[in-house]
Every structure is written in C-alpha cells, then in structure tokens.
Amino acid sequence: MECVVQGIIETQHVEALEILLQGLCGVHRERLRIHELCLKSGPNLGSEASEVRLLCDLEQPEPTWTVRHVGGSMRGAGADQISVLVRTMVESKVSKNVLRLFYLLGYKLDHELLRVGFAFHFQRGAQIAVTVSSVNKMLKLHATDEAVPVTPGIQLVEVTAPASAENYSEVAASVSSFCEYLAPLLHLSKPGVSTGVVPTAAAAAASLMSYGGTTIM
Ligand SMILES: *[C@@H]1O[C@H](CO)[C@@H](O)[C@H](O)[C@H]1NC(C)=O
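Computed from a predicted structure; not experimentally measured.

### Examining the packing of helix H1 (residues 14-25) against helix H4 (residues 168-182)
H4 packs onto H1 with a crossing angle of 135 degrees between their chain directions and a minimal axis gap of 10 Å. Our classification of the angle between H1 and H4 gives oblique. Considering the relative orientation of H1 and H4, their crossing is right-handed. Note on element contacts: H4 touches H1 through Phe178, Tyr181 and Leu182, opposite Leu17, Leu20, Leu21 and Leu24. Residues of the contact of H1 with H4, tallied by class, amount to seven nonpolar, no polar and no charged.

### Quick look at the pairing of strand E1 (residues 2-10)
Note: E1 against strand E5 (residues 85-94), three bridges, orientation antiparallel. Of the residues in E5, the one forming a bridge with cysteine 3 is valine 86. As defined by bridge partners, E1 adjoins strand E9 (residues 154-162) across nine bridges and the pair is classed as antiparallel. Across the sheet, the residue bridging to isoleucine 9 is glutamine 155, located in E9.

### So, the environment of serine 189
Here serine 189 lies in the loop between H4 and helix H5 (201-216). Judged by its relative accessible area of 8%, serine 189 is buried. Spatially, the C-alpha atom of serine 189 lies 9.3 Å from that of serine 176, the residues being 13 residues apart in sequence.

Reading the values: rules and limits
- Residues numbered from 1 in each chain as written.
- Predicted model: local features only at pLDDT ≥ 70, side-chain atom pairs only at ≥ 80, totals over all residues.
- Heavy atoms only, no water.
- Axes fitted to C-alpha atoms, helices over the stretch in contact; angles between N-to-C directions.
- Helix = DSSP H or I, 4+ residues; strand = E, 2+ residues; numbered from the N terminus.
- Parallel < 35°, antiparallel > 145°, perpendicular 65-115°, else oblique.
- Left-handed = near helix turned anticlockwise from the far one by under 90°.
- Contact = heavy atoms within 4.5 Å.
- Nonpolar A, V, L, I, M, F, W, Y, C, P; charged D, E, K, R; others polar.
- Pairing = 2+ DSSP bridges.
- Buried < 20%, exposed > 50% of the residue type's maximum accessible area, 1.4 Å probe, protein only.

Dropping the structure here:
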C-alpha cells in the first residue's frame, strides 16, 4: 500500500519549493525524466478490465523500466477521516521488452506522458518521496523529444510513502504533518480532489527566494 497526496504549483514558484524541500529534507534532489505508458485491457472472456502503467526512467544511463498497478483506495469512516489517500499499489522492475509482453497479453496503449522534474527521497517518520514535475504529452508515438506540456505554467507535486495495513495511519500522519510545511506554497490533498494554487504562494516564494538568494544567484 501507499499513502499519497497531490497538488499543483505554478512553474514560477517551483524554484522556491525546491529551496524549501532542500532545507526540510537535507538531501539533494534527483532529476526526473519518466516516460509513462498507460495500458488498458478491455474486459475479455474470463478477465476483468485492467490498467497498468509502464514507467521508463530516462535519467538513467541505461533506461530502466518499472511496471506499476494502482489498485483500489481504502474506503470507510477511517479512510474519510484522514486527509491522505491510502491505496494498494504494486510495482516491479521489469526488462525493456515489457511493452511487447503487455501487447501480447492483449493490452492496448491508452495514452503516454513524459514527466520532467525532480524528486526528493528522505525519512521523516515514514519513507517520503516528493516529486515535482511538468506533465507533457507526445505529439507523435513515443517521441519523447517532441513532448509539449499538458498544462503550461503548472507543475504537479506528489507526496507518497509506502505503508501497510498495520502502519498506514502512522504513515498518513507523517505525510500530513510534512505537508503542513509546504502549505504556504501549495495545497496537497487526495488525488482527484481538485484544489487550485494557493493565494499565499507568491509571497511565500518571494521570501524563500530572498533567504536562499545567496545560494541561487
Ligand atoms: C510501513 O510499512 C511499509 C510496508 O511494510 C514499510 O515499507 C514502511 O517502511 C513502514 N513505515 C513505517 C513508518 O513503519
């Protein structure tokens, strides 16, 4: 399982967010360049409709592939009370001919994206990962060099942490309390709950930039 929250930020404030994250996590950012292929298989005889994502990390010297299946989210009173989505997620490293394999299994390409940005991985009550990325679509099949932004000027921020049925409430609490530090710059909520940019972002970014100014200039 994993705990997840998402939010958006204007690209002009991403540098301030990076300074804040760097200060909070004490680790360096990792560059992110992920080619994501969303595959779907229709309901066939004896099998239900299913969706998987193939992720190719283009930042590595040799592109590496991962397959990810996101399952159902936790429901019920307990799940409603927490501000973090808890969902099942299975992820596995795979070899580079994985796309062919899924085509043979009857999956079809639904859409593909290129995420470009950075990530921070650190321990803070839970193993938290923060990714900040612009989401791009390809104009031609698999043409990652000709990708254009889906939402120009806006980047997606995602905070995730691995959890289990035993520890999810503890992990969710750690994720929520970490998100409070980011609140002046962006609002993070369960995926699918749309929240816009926060009104305080410009002022918060300006003050972060003046603190960090000596290191950025
Ligand atoms: C919660 O459980 C998951 C899965 O076993 C584990 O990866 C994670 O480190 C645990 N987190 C905490 C804070 O105990």
